[in-house]
Structures are given as C-alpha cells and as structure tokens.
Amino acid sequence: TKPAVGAIDFVSKTAEGIKNTTSYMDESCYRRRRPPRHFGQDKVLRSYNHRKSEGQELLYTLEDGKYLEEWYIYHFAVGIKHIVVSNVRIFCIQGKRQEWAVPISEVKGVQFIPKDVIVLLLAHYSTSSVFETPTNKRIIPLTNTPAAPQAEKIFICLLERLKNLKHPSLAPRPEN
C-alpha cells in the first residue's frame, strides 16, 4: 500500500504544482506595464502620452467602468486624490472610489482663492453623501499638497477646459 500512496501523493503534488505555476503565470504575464493608449473624442491615433493615458485609466476604471461612455479631458493630483475632468463631469477620486462628481452643466463658475484653493460654484445645491449638508460649492484644497506650487496654473487650465466644454465654438483646434 505504501507504493500506491506514494504514487497518488506524487500525482497530486505534481498537479498542485502545475496549477500554482499557471495561476502565477496568469497574474504576472498580464499585468500592464503602462496604461492603455488615450484616444480623444476625435478618435485619432496620436503618439503615446503617459499623462493622458493615466487620466483616461482613472476615469474608465472608476466604479467598475461606469463612465466608459465619457471622454477624458484633463486631470491633476491633489495629494492622494485626483480631480478628473471628462466631457460630462468633474470627479474627485480617491483610489478607485468617487468622492463626488459634478455635471459640467451644473458648474456656473470657478474661483481661485489665494491660499491655494479652487472652488467650483454650482447652479444648484447638492450633496455627495447622506450626512453632508447640501451646498452649492465643491472645494478643491491644494494647500500642503505637491500641486500647491502650481495651483494658479491648475486653476487656469481647469477654467480653460470648462470654457471649451461649455462653449465648444471657442475651443482651439486639436493639434495634429
């Protein structure tokens, strides 16, 4: 009986080893080295841009692909959070979780407060959770973050992109 037990043990350990090897290969072989290529609304293939690809991946992986129909426009990091602008909304994202989202149609203005704070002024009062008091503002604090030195530049970029999304006829032509 000992040779039979040894043979069965040999076969089961070999099968377990093969299973472990294939599951290791599946995980390690298919891990992306860079985010997928960014395509804009014009669907023109352009040279790879890591920053735009990273922003598009943030948008498309948010809430298990809920926003795959939207087009990535712009993003910037605020500490451990990201502000992402799509053609439809502005998101505040932490990890793969959305903290808040504001439709661009609801944004009636953007303010820059010299203490490195950007304020989105909304047309209506809204809340991002049951426990939050409704407000007509979304505050993006940049103080004490790596983005703070570029706060005014970020504000100007955000303002330009919002202007282009709300008034497409004023948008500059895409570069080739």
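Provided above is the structure to which this section pertains.
Residues numbered from 1 in each chain as written. Predicted model: local features only at pLDDT ≥ 70, side-chain atom pairs only at ≥ 80, totals over all residues. Heavy atoms only, no water.

Draft legend 1. Fine view of the pairing of strand β4 (residues 97-103). Sheet topology note: the strand β3 (residues 89-94)/β4 ladder contains six bridges and is antiparallel. Residue Q94 lies in a different strand from β4, and its bridge partner there is R97. Hairpin connection, β3 to β4: the antiparallel pair is bridged by two residues, and G95 has positive phi, about 70°. (Pairing = 2+ DSSP bridges. Helix = DSSP H or I, 4+ residues; strand = E, 2+ residues; numbered from the N terminus.)

Draft legend 2. Seen up close, the side chain of S86. The topology assignment puts S86 in strand β2 (residues 81-86). Overall, S86 belongs to the buried group, its relative accessible area being 0%. A distance of 2.5 Å separates polar atoms of two side chains, one belonging to S86 and the other to E70. Among all residues touching S86, those that are not within four sequence positions of it are L59, E70, W71, Y72, I73, F91, I104 and L165. (Buried < 20%, exposed > 50% of the residue type's maximum accessible area, 1.4 Å probe, protein only. Polar contact = N/O pair within 3.5 Å; in protein donor to acceptor, adjacent residues only side chain to side chain. Contact = heavy atoms within 4.5 Å.)

Draft legend 3. Molecular detail of the sheet that holds strand β1 (residues 72-78). Pairing in this open sheet of four strands is antiparallel, and the strands run β1-β2-β3-β4 from one edge to the other. Of all the strands in the sheet, the pair left with one neighbour each is β1 and β4. Across the sheet, the axes of successive neighbouring strands diverge by a mean angle of 15°, strand direction being ignored. Relative to β2, β1 runs antiparallel, the two being bridged by six bridges. What sits directly across from V78, in β2, is K81. (Axes fitted to C-alpha atoms, helices over the stretch in contact; angles between N-to-C directions.)

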